[in-house]
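As a plain string of letters, each chain reads:
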Amino acid sequence: MRQIQQFNDETEACILEIETNYPELYHVLEETPFRGISSSEPISAEDLEDYLNTLKEQLHTFQKK
């Protein structure tokens, strides 16, 4: 399994791509829930991977429109 830093780096790159190239999608990122933030447990690599996959799926869906 990849390390947390790798997921952070990929997530940052994905968000930057969305912010730069798809500003209308960027505005709805606040509505993308990140499970784990409200939890008292530490965020795991699996949590980050799930969030990154959600972002990628939203970007892919948006690009098709």
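Predicted model, so just to flag it, every value in this text is computed and none were measured. (Residues numbered from 1 in each chain as written. Predicted model: local features only at pLDDT ≥ 70, side-chain atom pairs only at ≥ 80, totals over all residues. Heavy atoms only, no water.)

Draft legend 1. A look at the overall build of the protein chain. Broken down by element type, the protein chain carries three helices and zero strands. Shown N-terminal to C-terminal, the secondary structure of the protein chain runs as helices and strands in the order α-α-α. Partitioning the contacts of the protein chain with sequence separation of at least 6, the portion at a separation of at least 24 is 67%. Carbon together with sulfur atoms contributes 49% to the accessible area of the protein chain, which is approximately 4900 Å² in total. (Helix = DSSP H or I, 4+ residues; strand = E, 2+ residues; numbered from the N terminus. Contact = heavy atoms within 4.5 Å. Areas by Shrake-Rupley, 256 points an atom, 1.4 Å probe, with all protein chains shown as cover.)

Draft legend 2. Quick look at the pattern of salt bridges. This structure, assessed with the given rule, holds one salt bridge. A salt bridge links E10 to K56; the shortest N-O distance between them is 3.3 Å. With E10 in helix α1 (residues 4-21) and K56 in helix α3 (residues 45-64), this pair connects stretches of sequence that are 46 residues apart. The class for E10 is partly exposed, based on a relative accessible area of 25%. (Salt bridge = Lys/Arg side-chain N within 4 Å of Asp/Glu carboxyl O. Buried < 20%, exposed > 50% of the residue type's maximum accessible area, 1.4 Å probe, protein only.)

Spatial relationships are all this shows, so hold off on functional conclusions.
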